[in-house]
Amino acid sequence: MTSGLKKSLLVFLLFFSCFSLAYGQQDPDKVKVIAAYDSVYKATPRERIAVHLDKTNYAPLDTVWFKAYLFDGTLKSAAKYSGLIYFEMIDAKGHIVKSICLPTGAGLTWGGFVLDNVNYSAGTYTFRAYTNWMRNFGDRYFFKKEIKIVDLATTTPEKTATVAQKNTNTPSTKTAVAQSNKSAAIDLQFLPEGGTWIADQTQVMGFKAINTNGMGFSIAGDIVDSKQQKVASFSAGEKGMGYFTMVPKAGETYTAIVKNPIGLKNIILPKVLTTGTSLQLINTFAADSITIKVQSNLVGQELLILGQSRDLLCFVVKMKANSSSKTLVLPKNIFPTGISQIIVTDIKHRPLNERSFFINHGDQLNIDANFSKKNYTRRDSVPMALKVTDVAGNPIVGSFSMAITDDSQVSKDSINNANILSYLLLNAELKGEIENPGSYFHQFNEQKHKELEALLLTQAWVSYSLAPQQKPQFNAEIDFSIRGSVKNLTNKPINMAQVSIVGRNRGKMLMLQTVANQKGEFVFDKFPALDSATLVVQALNAKGKSGTLGVTVNELANAPVSAPLKDAVVLNTVKPDTIIQNFIATKQQVYKREGISLKEVTVIGKKTVKGSKTLNKAGEADQVISEEELEQMGKKTLYDILFERVAGFNYKIPRRSESNEFFIKNNRVKFIIDGLDVDYFYEAMPVRDDHYKFIKDYLTRYNAEDVTGIEIMTSLYNTANYDAVFGSVTSSSSGDFLSYLEITTKSGSGPFLKKRANVYMYKPPTYGDLKVFYSPKYNSVTKTDQKPDLRSTIYWVPNLVTNEKGEAKTSFFTADRKGTYTVWIEGTDMQGNIGMKVTTLKIN
């Protein structure tokens, strides 16, 4: 245990003891709360994750470099339950384009996504990271970051600025877009402190104004009563958040009259209640304590006042029945840096009021990046010495990631951009997007403190429940494994079943064997790195026979994708700025010199299906669902895939018919499997929906892993050859126009799907793929090489480890372009100390 943690626990215990003496050492209600709280968080501990990316704008064929830090809920140590993190790239439609699974060591891991031209096109994507255990809490603790792949076909100005100088004081793109749209509709919300608005009690009212893009907006106005008498005023800057104090009166209705911007309709404030409890918290910037005031007019009800932070209970105090108010003055040092909560509950632990607040002890790590000189030349060697200490000046042993980027191609805002501090100390506790999250930690002062108060009054997410916890649905994963079971036809487990795995991985054969236990369960672990592997799991009984065995594998499905973040749409509508134009022009220059066709990297070319028996030329289909896409769909059935991926796919009753049929928009669909018309195997039956059910049976029996590709022919040009061969078969007798689906299976055996129960085909996620950043090393010969070096990410080092003196060294070479570089460093000792540092280098 670190000295800092011991000190924090000592302060907590002393404080808790003081309240125990004041209210009885064995108060049964407080003892129950403490026991219940401890039980909940032991059964369902939380995890926090932060990811450092080298940048957020990329070109086709680039690599997205990342480093992940996985903590337990207290941020005092690495996550104890999870050892695997899932990383995903999700397109604007919510499809998971790529997914990899990486093991952690001491909560740390790193890797990269190669933006190949098969799976990625220009557009906005969401980078997402999470553990399987986090899924028990929805996606609240997931890491999400919007990134963009630029379109290299974008026309750039003939003359592009050589270097676009950064201005960290310039509003972000999102803010600039908001400010340019003064007429945008605004959603104005008023939220009383603590969640209740009680008559005749002095209370704080928070407010937030956002436009249709979900961004804050400057606003000002007055609060008037039913007699149009002004009782308060409100105003907020560009983030649209603020608060004011007033005493609401019983029976009154209050209205917000907006003066700026003009034209916004009046808003009625929340209804004033005559009974209940209110919670007021005074968190003054310069004070070393906070004041909590609870008021109640509930008759005969005892209340509990709790404080929690980072999943730890900080204090419990009982408020006696019929007490009209209670005031607590608590030292700030019993709470860690970050968001804490005060909760008022009834005696049955049901929340009545909740209030979040932020305390900044200024205890982030001090990170110094020391360079041998101030200015460097092209292709120059740059040695760097890192020195890290805690707030007391003690050296820190930790792991740090560093991204060095060219400012003429990559825009980074050291003041406003999100960083490891904002991710771990803000994002997980707040709802919605946080505008300019990094700004709350840059040169923290009284103004930043007030801005955080407004943020927490309007966006705080309090998670408090002492209800008995259900068994978690998703297990924590320490390492990558394949688990399953072997049973017979009567569902009886098969003891000592012989289970084997055979497959190809990275061009090599993989063969593993194990034996099932008495429950018929088996497990394979300690896997090598897996990359697009296909594995066959086979089960035999103790005598080596297949018998009537059935084998199943416990597959992990990706977490569902929520709606894309609102600013993804905004970013796509913003005209590229000078830096992006420089980036595009530079990439165009590099690809042209290296002989890479822009068409190849900006447009996903004609897709073909290996082994297809299409009647048209390869790649001529109107739409192709490729093998690469199908591999991402696991065991989804063809039925689900077609509805999800083929626009207009549906079923309905056609004219002159009484049974449902499948359609693509208004065209009937004919299904061809490996060149064979499924309708040849159909025998008409005089039962409603019989043909529909016949086709649906095929579509639900096949799943994605059975199929190499699907070609969809809808245009007259592409259906002509199919009409000539298949158009006269049963399903076209109505005279409707036809569309065709050519389905190519991996077996190639046509519409004859036979699966052996003791064999299971499994496609594991890419696992353990630790990519290495390439950094050129110049010498006297290569320094004069005529091939231009126009890197946008100059250097990426994911695991810079400091020694017992808090020191680490590294070096890299500059590229060809003059200007400035941004050096962005983040890291931690995984024991509660977190920090980041941004500096610049000048290249002459």
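Residues numbered from 1 in each chain as written. Predicted model: local features only at pLDDT ≥ 70, side-chain atom pairs only at ≥ 80, totals over all residues. Heavy atoms only, no water.

**Notes on the sheet that holds strand β4 (residues 84-90)**
Then comes step 1: Strand order in the open sheet made by the six strands is β2-β9-β7-β4-β5-β42, with mixed pairing throughout. The open sheet is flanked by β2 (57-58) and β42 (766-767), the only strands paired with a single partner.
Then comes step 2: Inspection of the sheet shows β2 paired to strand β9 (residues 143-149) by two bridges, in the parallel sense. Across the sheet, Tyr58 pairs through a bridge with Ile149, a residue of β9. (Pairing = 2+ DSSP bridges. Helix = DSSP H or I, 4+ residues; strand = E, 2+ residues; numbered from the N terminus.)

**Overview of helix α10 (residues 638-645)**
Residues that lie three or four places apart on an α-helix share one face, since the helix turns once every 3.6 residues.
Then comes step 1: Inspection of α10 places Leu638, Tyr639, Ile641 and Leu642 among the buried residues, and these make up the whole buried set. Seen from one end, α10 has its buried residues packed into an arc of 165 degrees, which puts them on one side. (Buried < 20%, exposed > 50% of the residue type's maximum accessible area, 1.4 Å probe, protein only. Arc of directions from axis to C-beta.)

**Focus: the side chain of Thr793**
Then comes step 1: With respect to the helices, strands and loops of the structure, Thr793 is situated in strand β43 (residues 793-801).
Then comes step 2: Polar side-chain contacts of Thr793 include one of 2.7 Å to the side chain of Asp54.
Then comes step 3: Side-chain polar atoms of Thr793 contact the side chain of Lys55, separated by 3.4 Å.
Then comes step 4: Among residues more than four places away in sequence, those in contact with Thr793 are Asp54, Lys55, Ile404, Thr405 and Phe773. (Polar contact = N/O pair within 3.5 Å; in protein donor to acceptor, adjacent residues only side chain to side chain. Contact = heavy atoms within 4.5 Å.)

**As for the environment of Ala220**
Then comes step 1: Relative to the elements of secondary structure, Ala220 occurs in strand β12 (residues 219-224).
Then comes step 2: The exposure class assigned to Ala220 is partly exposed, which follows from its relative accessible area of 24%.

**Remarks on the sheet that holds strand β44 (residues 807-813)**
Then comes step 1: Pairing is antiparallel in the open sheet, where three strands are placed in the order β24-β26-β44. Taken across any chain shown, the strands that pair with only one partner, and hence form the sheet edges, are β24 (366-371) and β44. Between one strand axis and the next, the sheet turns through 25 degrees on average, direction left out of account.
Then comes step 2: As paired strands, strand β26 (residues 381-389) and β44 are joined by seven bridges and run antiparallel to one another. When the bridges of β44 are listed, Pro383 appears paired with Ser811. (Axes fitted to C-alpha atoms, helices over the stretch in contact; angles between N-to-C directions.)

**Section: the packing of α10 against helix α11 (residues 690-701)**
Then comes step 1: It is the contact of α10 with α11, at a shortest axis distance of 6 Å, that shows an interaxial angle of 95 degrees. In terms of axis orientation, α10 runs roughly perpendicular to α11. Residues Leu638, Tyr639 and Leu642 of α10 lie in contact with α11, whose contacting residues are Tyr692, Lys696, Leu699 and Thr700.
Then comes step 2: Of the residues belonging to the contact of α10 with α11, the class tally is five nonpolar, one polar and one charged. (Parallel < 35°, antiparallel > 145°, perpendicular 65-115°, else oblique. Nonpolar A, V, L, I, M, F, W, Y, C, P; charged D, E, K, R; others polar.)

**With respect to the packing of aromatic side chains**
Then comes step 1: Considering all chains together, one arrives at 41 aromatic pairs under this definition.
Then comes step 2: Between Tyr81 and Trp133 the ring centres are 6.1 Å apart and the planes differ by 15 degrees, which places this aromatic pair in the stacked class. Of this pair, Tyr81 sits in the loop between β3 (63-72) and β4 while Trp133 sits in the loop between β7 (123-130) and β8 (136-139), and the two are 52 residues apart along the sequence.
Then comes step 3: For Trp133, a relative accessible area of 7% puts it in the buried group.
Then comes step 4: Grouped by ring-pair contacts, the aromatic residues Tyr639, Phe643, Phe649, Tyr651, Phe662, Phe671 and Tyr692 constitute a single cluster.
Then comes step 5: Above the ring of Tyr440, the side-chain terminus of Lys239 is found at 4.1 Å from the ring centroid.
Then comes step 6: It is Arg701 that lies over the ring of Tyr698; its NZ or CZ is 5.1 Å from the centre. (Phe/Tyr/Trp six-rings, centres within 6.5 Å; stacked < 30°, edge-to-face > 60°. Lys NZ or Arg CZ within 6 Å of the ring centre and 35° of its normal.)

**Observations concerning the pairing of strand β19 (residues 303-309)**
Then comes step 1: The buried count for β19 comes to seven of seven residues, which makes it a mostly enclosed element.
Then comes step 2: Alternating positions in β19 separate into two faces, Leu303, Ile305, Gly307 and Ser309 on one and Leu304, Leu306 and Gln308 on the other, with burial throughout.
Then comes step 3: In this structure, β19 lies alongside strand β20 (residues 312-319), joined through seven bridges in antiparallel fashion. Within β20, the residue paired with Ile305 across the bridge is Val317.
Then comes step 4: As paired strands, β19 and strand β22 (residues 338-346) are joined by seven bridges and run antiparallel to one another.

**A short note on a nonpolar patch on the surface**
Then comes step 1: Residues Val502, Met509 and Met511 make up a contiguous nonpolar surface patch of roughly 310 Å² in combined accessible area.
Then comes step 2: Considering the arrangement of structural elements, one finds Met509 in strand β30 (residues 508-515). (Patch = residues over 30% accessible without salt bridge, like charges linked within 9 Å, V, L, I, M, F, W, Y side chains within 5 Å. Areas by Shrake-Rupley, 256 points an atom, 1.4 Å probe, with all protein chains shown as cover. Salt bridge = Lys/Arg side-chain N within 4 Å of Asp/Glu carboxyl O.)

**Focus: the nonpolar core**
Then comes step 1: In terms of nonpolar packing, the biggest core is built from 87 residues, with Val51, Phe87, Phe127, Leu426 and Phe527 touching the most fellow members.
Then comes step 2: When residues in this core are grouped by element, the largest group, six residues, is from β3.
Then comes step 3: With residues up to four places along the chain from it excluded, the contact list for Phe87 reads Val51, Phe66, Ala68, Lys98, Ser99, Ile100, Leu102, Thr109, Phe113, Phe127, Arg128 and Ala129.
Then comes step 4: Core analysis: the next-biggest nonpolar cluster, separate from the first, contains 29 residues, Val388, Met402, Trp796 and Leu800 among them. (Core = buried A, V, L, I, M, F, W, Y, C linked by side-chain atoms within 4.5 Å.)

**Thoughts on the pairing of strand β33 (residues 550-553)**
Then comes step 1: By the alternation rule, side chains of β33 split into Val551 and Val553, which are all buried, and Gly550 and Thr552, of which none is buried.
Then comes step 2: As paired elements, strand β28 (residues 482-487) and β33 share four bridges and run antiparallel to each other. Pairing of Ser485 across the sheet is with Thr552, part of β33.

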